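# An overview of the molecular structure
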Amino acid sequence: MVKHFHIKKGDKVIVTTGQHKGKQGDVLKILREENRVLVQGVNMVTRHLKPSAQHPEGIVKKEASIHVSNLAHVDGESGRPSRMGIKILEDGQKVRVLKRSGKQIGN
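Quick summary incoming for the structure in this document.

About the criteria used
- Every chain is numbered independently, its residues counted from 1 as its sequence is written.
- With pLDDT at 70 or above as the cut-off, local features in this predicted model cover only qualifying residues; side-chain atom pairs require 80 or more to be listed or tallied, and sums for whole chains, interfaces and linings still use all residues.
- Each side-chain value is derived from all of the structure's non-hydrogen atoms; neither hydrogens nor water enter the calculation.
- A run of DSSP states H or I qualifies as a helix once it reaches four residues; a run of E qualifies as a strand once it reaches two. Both are numbered from the N-terminal end.
- The atom set for the radius of gyration is the C-alpha atoms, and the globule formula is 2.2 Å times the number of residues raised to the power 0.38.
- Residue burial is assigned from relative accessible area. The probe radius is 1.4 Å, only protein chains are included, and a residue is buried under 20% of its type maximum, exposed over 50%, and partly exposed in between.
- Two residues form a contact once any of their heavy atoms are found within 4.5 Å.
- Values of accessible area rely on a 1.4 Å probe in the Shrake-Rupley scheme; residue burial ignores everything except the protein chains shown.
- At least two DSSP bridges between two strands are needed for those strands to be called paired.

## Re the overall build of the chain
For the chain, the count of helices and strands is zero helices and eleven strands. For the chain, the α and β elements follow one another from N to C terminus as β-β-β-β-β-β-β-β-β-β-β. In summary, the chain has a C-alpha radius of gyration of 17 Å against a globular reference of 13 Å for 107 residues, an excess of more than 25%. C-alpha extents for the chain along the principal axes are approximately 55 × 25 × 25 Å. Residue burial in the chain is summarised as follows: out of 107 residues, 32% are buried. Long-range contacts, defined as pairs at least 24 residues apart, comprise 39% of the intrachain contacts of the chain with a sequence gap of at least 6. Only carbon and sulfur atoms are counted for the fraction: they give 49% of the accessible area of the chain, which is about 7400 Å².

## A look at the pairing of strand β7 (residues 71–74)
Strand direction decides the pairing type here: strand β1 (residues 12–15) and β7, joined by three bridges, are antiparallel. By the bridge assignment, Ile14 is partnered in β7 with Ala72. Pairing analysis gives two bridges linking β7 to strand β8 (residues 81–82), with the strands arranged antiparallel. Across the sheet, His73 pairs through a bridge with Ser82, a residue of β8. Linking β7 back to β8 in an antiparallel pair, the connection comprises six residues, with Gly79 at a positive phi of about 75°.

The following block contains the structure:
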């Protein structure tokens with residue numbers, strides 16, 4: 001199990017390898033025990049369920065998890081993958097920054 005993830009919920013990420021390479025989306029959920037992440041609109045699978053009031057047709061498309069090592073942050077300026085670094089501000093606060101552009105990500 002990874003001790004610390006470089007990706008957090010709400011981050012804009014891009015898939016770097018595999019069948020869905022190049023697709024972008026926001027992180028919906030992090031599954032720390034499995035080292036996997038749910039990304040909006042990426043790795044869509046079809047589930048056949050018994051029809052009910054929530055899904056009357058019985059067929060549901062939803063996101064499946066993808067391994068965290070196959071993801072990278074998206075640089076807002078160029079739209080290309082970027083690594084993440086930590087920068088300490090003058091007031092001692094730590095912020096996450098993109099290595100490619102130097103822009104701060106998250107809050």
